[in-house]
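Listed below, chain by chain, are the residues.
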Amino acid sequence: MANTEVSLENDPTPLVKIFANKFLKSLDHAKYASKVNRFHGTFALASTTSPQSITIDIRNSKIFICRGIQDTAKIVIRTDFDNPSKQKVEGLLLHPLLAMKISRLLDFPQANWIDAAKQFWEKNVEYPGMPTGIEIHCEDESREYTLGEDPDVYITGRSNNIAEVFAGDAVLVESLMLKKLSGVSSFEHAVVLSDVTVQMMLGNR
Amino acid sequence: MNDEELLNWLDRHHVDVIRTHATSLDGPGLGKYLHHDKFFKCLPKGHAISDIALFSNINGTPHMTVWHPQREANLGDIYLRPDISTLIPDGTDTKLGHCICDFTNNAGESLDLCPRSTLKRMVAEVAELGFEIKATYELEFFIFRESYDEIRRGRYRNFTRLTASNKAGIYNLRNAYLAKPFMDEVIKRMERKGIAWEGWNDEAAKGQLELNLIPSDPVSAADNVVRTKQILYEVAIDLGMAITFMARPGAGYSNGMHMHHSLVGADTGEAAFFDKGAPQCRSQLMTHWLAGLVATLPGAVSYLCPTVNSFRRFSDFSGSPTTTTWGEENKTAALRLISHTEKQSRIEHRVGASDLNPYLGMAVLLAGGLAGVKHSLNPPDEFSKVAWGLPPSEADLPRTITQAAECLKADELLKEVLGSGNIEYWAKTREAEWLAFHTEGGDALGHKTSFWELERYFEII
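Please read all numbers here as calculations on a predicted model, not as lab measurements. (Residues numbered from 1 in each chain as written. Chains lettered and ligands numbered in written order. Predicted model: local features only at pLDDT ≥ 70, side-chain atom pairs only at ≥ 80, totals over all residues.)

*Asks:* Explain the overall build of chain B to me, using residue names and the numbers behind them.
*Replies:* Helix and strand counts for chain B stand at 13 helices and 15 strands. In summary, chain B has a C-alpha radius of gyration of 21 Å against a globular reference of 23 Å for 461 residues, a match within 12%. Seen through its C-alpha atoms, chain B measures out along the principal axes to roughly 60 × 55 × 45 Å. Burial analysis of chain B (461 residues in total) assigns 53% to the buried set. Relative to all contacts within chain B whose residues are 6 or more apart in sequence, the contacts with residues 24 or more apart total 73%. (Helix = DSSP H or I, 4+ residues; strand = E, 2+ residues; numbered from the N terminus. Rg over C-alpha atoms; globule rule 2.2 N^0.38 Å. Buried ≥ 20, exposed ≤ 12 C-beta atoms within 10 Å, placed from the backbone. Contact = placed C-beta atoms within 7 Å.)

Set out below in structure tokens:
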């Protein structure tokens, strides 16, 4: 939504940039934008596996994100960012309604895997070193989709994991290492595709 | 040295094994121990080594988010081509010899990203202008009583700095005396390898020493630095102690690697930075050279301060410069000029952290000077006051690894001289280092050196 601003601290950390990018992408969805516009409050997200943390302040259709857990945060959600299903919420008893709204806010809309892949290809096909094509096999839907021509990269996995990578919410090489996806590719293409997914995740592309 | 001379050399020095030595982009030494037959047979091309030797991060993980056309498509081999002029006997290990190498591809062509070849290119460009370079480095490092194993087991919290007092001093002879047995062994091994040194002394922080090497051509000077760093490490291992070139392993003053350099006429041998008739005796060449160094300083910081830890060094009144300033005999500025006598005429570049790659650090310095000369740049006014505690300004040096990488990517002068491919690759590796710091356990809010930094850099850098 055009009237919602997202601003960041100076020299932001990766986590700040990643969440800013998540908000920016999600604000294109009218339903999500309306959720943001109705939200007022400050909350923090902290990693349970590293010292990473951010504070998100949303009010009057303005989102500001900075590093650390600021004193103004009424709710602190501690989670493993690689496995966000496990969460510990601090401040829930004092601010149950806010906590509920935050959980809805953090449920970012995700494009289906084919749309994500198509958009990825449109945006990045000219990037130096990209493969001529990518063949994608979605295991849970038993469907295939090909980007470009004469694919020299093959990727297979579940729909949500495919969508995550092509939407820039995950880095290809990490998804391969975590076995969320598997594939066949040259090392060069794996590096170039990982580079592109990192840049998308940070909002640089 | 031809084949016969080489065989004679190996025979005369009783060398059975040769250790090849190059540096990765980040600076750690790497190579192989080769039987002398293998070493001889693989000349002049050199021996194969996986491309991850050059194209990986400081912990040996291949660069997974940056590609270069000279990388092997599937982690294939590149080569380490020995520079036979650097072949030396170890002197301590009587059967061992050492040889510095350059990275090449299978066709024997130098790789653009090879740190030593990058420096050679810069030296060649200066030679085209009719000058030779005299350069040297100041090595600062910390020395500890415990072994690396003990320090590692204590999670880097229990090291004891080798110091006579719990308070820091400088040039303190009691501190130096404590370090003398260690340094005697270091000097002995350096001399056996033909590495010329000027002096060493106690430095400002507790357990910090400085070792100064004799000036030479920049490539030999950098070779001497990588060899000396390896000697320091080996002596520490042999004596059950530890040293580190981390810029800031803990509280207190930090480690820099100042670089001194001057130009001399290739034909005349005369000091080219000196002009008795010019104001302050600074030649026109020195003025343009200096201007190039100043203009490229923000971008050069990326090479001069390559790690997350390097930037913890930048702090006013702590010895390290914090601004893009220069001045005659000004040790608070980034660039200290000594220009009043022909013999001493030189520039001391004070920005580098001790964890820099000496080849790349010197290469970016020469690239800046070259850019200044090629474009006839003029420097900003001399800064003749204390360049610390100043109000924030555009002259502030970049303070984080990402800010420095951004400055480097925007530096058209450095791109013109060093090559945009080199710069883009390097800048992306710094962004990867930043990502690793934040996502693998560095503390974005912490003002103290993190465990992640100590574990990543302490022994290796």
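That was the structure; now back to the text.
*Asks:* Got a sec to walk through the sheet that holds strand S4 (residues 62-67) of chain A? Specific residues and values, please.
*Replies:* Residue and element names in this part refer to chain A. With mixed pairing, the 6 strands of this open sheet are ordered in space as S1-S4-S3-S2-S5-S6. The open sheet terminates on both sides in strands that have one partner only, identified here as strand S1 (5-8) and strand S6 (83-90). Averaged over all adjacent pairs, the angle separating strand axes in this sheet is 20°, with direction ignored. (Pairing = 2+ DSSP bridges. Axes fitted to C-alpha atoms, helices over the stretch in contact; angles between N-to-C directions.)

*Asks:* Give me the interface of chain B and chain A: which residues, what numbers.
*Replies:* Listed per partner, the contact involves 18 residues of chain B and 19 residues of chain A. Those elements that place two or more of their residues in the side of chain B that touches chain A are helix H10 (401-409) and helix H12 (420-440) of chain B. When the residues that make up the side of chain B that touches chain A are grouped by side-chain class, the tally is 8 nonpolar, 8 polar and 2 charged. (Nonpolar A, V, L, I, M, F, W, Y, C, P; charged D, E, K, R; others polar.)

*Asks:* Break down the environment of A:Ile54 for me, with residues and values.
*Replies:* Residue and element names in this part refer to chain A. With respect to the helices and strands, Ile 54 occurs in strand S3 (residues 53-59). On the basis of neighbour counts, which here come to 28 C-beta atoms within 10 Å, the residue Ile 54 falls in the buried class. Look past the residues within four positions of Ile 54 in its chain and what remains in contact with it is Leu 15, Val 16, Phe 19, Ala 44, Leu 45, Ile 65, Cys 66 and Arg 67.

*Asks:* Any details on the domain arrangement of chain B? Residues and values, ideally.
*Replies:* Residues and elements named next belong to chain B. Entries for chain B in the domain assignment read domain 1 (3-7 + 15-111) and domain 2 (123-457). Its C-alpha centre places domain 1 at a distance of 25 Å from the equivalent point of domain 2. Residue composition of the side of domain 1 that touches domain 2, by class: 5 nonpolar, 12 polar and 2 charged. (Domains from an automatic or database assignment.)

*Asks:* Which residues make up the sheet that holds strand S7 (residues 133-138) of chain A, and what are the values?
*Replies:* Residues and elements named next belong to chain A. Across the sheet, which stays open at both edges, the 4 strands sit in the order S8-S7-S9-S10 with mixed pairing between neighbours. Sheet topology places strand S8 (143-148) and strand S10 (181-184) at the edges, where each strand pairs with a single neighbour. Within the sheet, the average angular offset between the axes of one strand and its neighbour, ignoring direction, is 20°. Bridge count between S7 and strand S9 (residues 153-157): 5 bridges; the pairing is parallel. By the bridge assignment, Ile 134 is partnered in S9 with Val 153.

*Asks:* Which residues make up the packing of H10(B) against H12(B), and what are the values?
*Replies:* Residue and element names in this part refer to chain B. At a minimum axis separation of 9 Å, H10 and H12 run at an interaxial angle of 165°. In terms of their interaxial angle, H10 and H12 are classed as roughly antiparallel. Of the two elements, H10 crosses H12, and the hand of that crossing is left-handed. Across the interface between the two elements, Ile 401, Thr 402, Ala 404, Ala 405, Leu 408 and Lys 409 from H10 touch Ile 423, Glu 424, Ala 427, Arg 430, Glu 431, Glu 433 and Trp 434 from H12. (Parallel < 35°, antiparallel > 145°, perpendicular 65-115°, else oblique. Left-handed = near helix turned anticlockwise from the far one by under 90°.)

*Asks:* Tell me about the packing of helix H4 (residues 113-124) of chain A against helix H5 (residues 159-166) of chain A, residues and numbers included.
*Replies:* A pair of packed helices is captured by two measures, namely the crossing angle of their axes and the spacing between those axes. All names here are of chain A. Two elements in contact, H4 and H5, have axes separated by 8 Å at closest approach and are oriented at 25°. In terms of axis orientation, H4 runs roughly parallel to H5. Relative to H5, the crossing made by H4 is left-handed. Of H5, the residues touching H4 (which contributes Trp 113, Ala 116, Ala 117 and Phe 120) are Ser 159, Ile 162, Ala 163 and Phe 166. When its residues are assigned to classes, the contact of H4 with H5 shows 7 nonpolar, 1 polar and no charged.

*Asks:* Before we move on, could you go through helix H3 (residues 115-128) of chain B and cite the residues and values that matter?
*Replies:* All names here are of chain B. With 14 residues, H3 should cover 20 Å at 1.5 Å per step; its first-to-last C-alpha distance of 20 Å lies within 8% of that length. Among all positions of H3, only Pro 115, Arg 116, Ser 117, Thr 118, Leu 119 and Met 122 are buried. Those residues of H3 hidden inside the fold are in contact with strand S1 (17-23), strand S7 (96-104), helix H6 (218-238), helix H9 (358-374) and H12. Backbone geometry just downstream of H3 places Gly 130 in the positive-phi region, at approximately 95°. (Expected span 1.5 Å × (residues − 1).)

*Asks:* Lay out the environment of B:Asp184 in plain terms, naming residues and giving numbers.
*Replies:* Turning to its location among the elements, B:Asp184 is positioned in helix H5 (residues 173-192). Along the sequence, B:Asp184 and B:Ala266 sit 82 residues apart, while their C-alpha atoms lie 37 Å from each other.

*Asks:* I'd like a description of helix H8 (residues 297-304) of chain B, backed by residues and values.
*Replies:* Extensive coverage of H8(B) is indicated by the burial of 8 of its 8 residues. Those residues of H8(B) not exposed but buried are B:Leu297, B:Pro298, B:Gly299, B:Ala300, B:Val301, B:Ser302, B:Tyr303 and B:Leu304.

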